[in-house]
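Chain and residue survey
Read off the chains here:
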Amino acid sequence: MARGLQPVRGTHDLFGDDKRRFDHIVAAARSVAAGYGYAPMATPAFEFTEVFRRTLGETSDIVTKEMYTFASGSGEEVTLRPEGTAPVARALVSGGRLQVLPARLFYDGPMFRRERPQKGRMRQFHQVGIELIGEPSPVGDVEVIAAGARLLERLGLTDSVTLHLHTLGNGASRDRYRTALVAYLDQHRGSLSADSQRRLDRNPLRVLDSKAPEDREVADKAPRLLDHLDSDSAGFFAEVRCQLDALKIGYEIDPLLVRGLDYYMHTTFEFVTDRLGAQGAVLAGGRYDGLTERMGGPSLAGTGWAAGIERLSMLTGDNLPAAPRPVLVARVAEDATTQALRCAEALRDAGVPAELALQGSLKRQLRHADRIGARAAVLLGRRELEAGVVSVRDLDSGEQSEIAIAQLPGHVLEMIDGG
RNA sequence: GCGAGUGUAGCUCAGUGGUUAGAGCACCGGUUUGUGGUACCGGGGGUCGUGGGUUCAAGUCCCAUCACUCGCCCCA
């Protein structure tokens, strides 16, 4: 059984293929983002608590119960970031980087939420995300959605996910709708679940996507946000749909898609899957005009998304490029150290990953070569030293030959090319 | 924060209240003192999550507790 110190609940160690898959997803996201002109950037893993309290909404669950908040040494209250968008907006404002707009930014890194862990949900999890700041047009939303779709395609997940699309409209539309919705729900308060009765008071839109069967009946007949949009909001949404159609990006209008963070408006979207248990969203975002103003800067448009790397990772499965196979350089004779180091460096100069084996019998070293998946082994023993050569063993075919040290990189490269 | 399920070797799991708790895989060694993978032979490894209780006797039954998993809430 496991002994000693344990990892903190909801955190995770990553080894081997799991870590390679993780890195592959980040690399794919960075590459896709670069193709759209999004420049990599990074923000700190923690911020003054105010950054999140001001932007996510006082009543959102993230703010009320999920933040890792603590006092820094100097008495300031700081919080491990629960999401990436607010810090990016803060960084643009505090760094004065608002001269060249729109700003296109890509980030990746850990996020922290103090939730009960379950499938696809950790306390420390990781996201990649893009933000487009200073582009008020619906074309901005189309651009970020297209980038998201392209990333999922690159990861081979197009058939695993569905794009759900909705709009919250502008502030005026949302307020008008909220009034109508609360009036309707109030009439049915008695038939709602306890959770939803609480939602009705705190965040009525949330009743719409409740999973409780008793709520579904009420929610499915509730007034629709789409019927309460003013002409600006309706036109904005129509343009988003029109351009997505033009790009042949398929989507479903999901009138129940309500996002949890206060800063969203107009377009919201989620790429969802049914393969991750209770967690459906793998890449999600929307428009957040005005977020920079809440950080004390000018009011700017904003739109973007974040994707959960762990969730993507669970979906990609074995769909992973082959691991690079190293060459093992075995120092069989004790006094072959210098030759072994030189051979390994020569291989690396040629772009071939090389690993040194110093300990134990040749048998043991070859077994190690097998375990690390080495393509070949370079043997440096008494015989080789005296003859001024190295033995190169092809570990797939078992063929072995002695060659001059100067020929080593070329010989190995040829072997790799041959399979 | 709430609910359910599961905790036995590094991993996956057997184990009817009754000897010294087992298997497969993995690991180590040998067959082979300069040759991996396959095969054969051998070996090491367990406070049965933890603490209490019931019993002549507990891995097994009861209670508590901790951890993990899944779900609710919420969300990437």
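Here's a quick rundown of the structure. (Residues numbered from 1 in each chain as written. Chains lettered and ligands numbered in written order. Predicted model: local features only at pLDDT ≥ 70, side-chain atom pairs only at ≥ 80, totals over all residues. Heavy atoms only, no water.)

This part is about the pairing of strand E7 (residues 162–167). Taken across its six residues, E7 has five buried, putting it largely inside the fold. Where E7 lies against strand E9 (residues 265–272), six bridges are found, and the strand directions are antiparallel. Each residue of the ladder has a partner; that of Leu 163, found in E9, is Phe 271. (Buried < 20%, exposed > 50% of the residue type's maximum accessible area, 1.4 Å probe, protein only. Helix = DSSP H or I, 4+ residues; strand = E, 2+ residues; numbered from the N terminus. Pairing = 2+ DSSP bridges.)

To continue, consider the packing of aromatic side chains. When we look at a pair of aromatic rings, we describe it by the centre distance and by the angle of the planes. Considering all chains together, one arrives at two aromatic pairs under this definition. Pairing Tyr 263 with Tyr 264 gives two aromatic rings, centres 4.9 Å apart and planes at 55°, and the pair type is tilted. Judged by relative accessible area, which is 2%, Tyr 263 ranks as buried. Using a relative accessible area of 6% as the deciding quantity, one classes Tyr 264 as buried. Here Tyr 263 and Tyr 288 contribute two aromatic rings whose centre-to-centre distance is 5.8 Å and whose plane-to-plane angle is 65°, an arrangement assigned as edge-to-face. Of the two residues, Tyr 263 sits in the loop between strand E8 (252–253) and E9 while Tyr 288 sits in the loop between strand E10 (281–287) and helix H10 (291–294), which places them 25 residues apart along the sequence. For the pair shown, Tyr 263 and Tyr 288 are each scored as buried. (Phe/Tyr/Trp six-rings, centres within 6.5 Å; stacked < 30°, edge-to-face > 60°.)

Turning next to the pattern of salt bridges. If you walk through the whole model with that rule in mind, you get 21 salt bridges. A salt bridge links Asp 23 to Lys 19, with the shortest nitrogen-to-oxygen separation between them at 2.9 Å. Of this pair, Asp 23 and Lys 19 both sit in helix H1 (residues 16–35), four residues apart, which is roughly one turn of that helix. Overall, Asp 23 belongs to the partly exposed group, its relative accessible area being 37%. Put simply, Arg 375 and Asp 396 hold a salt bridge, and the shortest N to O gap is 3.6 Å. Of this pair, Arg 375 sits in the loop between helix H13 (362–371) and strand E14 (376–380) while Asp 396 sits in the loop between strand E15 (389–394) and strand E16 (400–404), and the two are 21 residues apart along the sequence. On the basis of relative accessible area, Arg 375 is assigned to the buried category, the value being 7%. One salt-bridge network, held together by shared partners, links Arg 325, Arg 375, Asp 394 and Asp 396. (Salt bridge = Lys/Arg side-chain N within 4 Å of Asp/Glu carboxyl O.)

Along the polypeptide, Arg 259 turns up in the loop between E8 and E9. The contact partners of Arg 259, leaving out residues within four places of it in the chain, are Arg 206, Tyr 264, Thr 268, Phe 269, Glu 270, Ala 284 and Gly 285. (Contact = heavy atoms within 4.5 Å.)

What follows covers the sheet that holds strand E2 (residues 46–48). Spatially, three strands are ordered E2-E4-E3 in an open sheet, and the strand pairing comes out antiparallel. The open sheet has two free edges, formed respectively by E2 and strand E3 (68–71), since each of these has just one partner strand. Strand-to-strand, the axes of this sheet are offset by a mean angle of 30°, without reference to chain direction. In this structure, E3 lies alongside strand E4 (residues 77–80), joined through four bridges in antiparallel fashion. Within the sheet, the bridge partner assigned to Phe 70 lies in E4 and is Val 78. (Axes fitted to C-alpha atoms, helices over the stretch in contact; angles between N-to-C directions.)

Packing of H1 against helix H11 (residues 309–316) leaves a shortest axis separation of 10 Å and a crossing angle of 110°. Classified by the angle their axes make, H1 and H11 are roughly perpendicular. H11 is crossed by H1, and the crossing has right-handed handedness. Contact with H1, carried on its side by Arg 21, Phe 22, Ile 25 and Val 26, involves Ile 309, Glu 310, Leu 312, Ser 313 and Thr 316 of H11 and no other residues of that element. Each residue belonging to the contact of H1 with H11 can be placed in one class, and the counts come to five nonpolar, two polar and two charged. (Parallel < 35°, antiparallel > 145°, perpendicular 65-115°, else oblique. Left-handed = near helix turned anticlockwise from the far one by under 90°. Nonpolar A, V, L, I, M, F, W, Y, C, P; charged D, E, K, R; others polar.)

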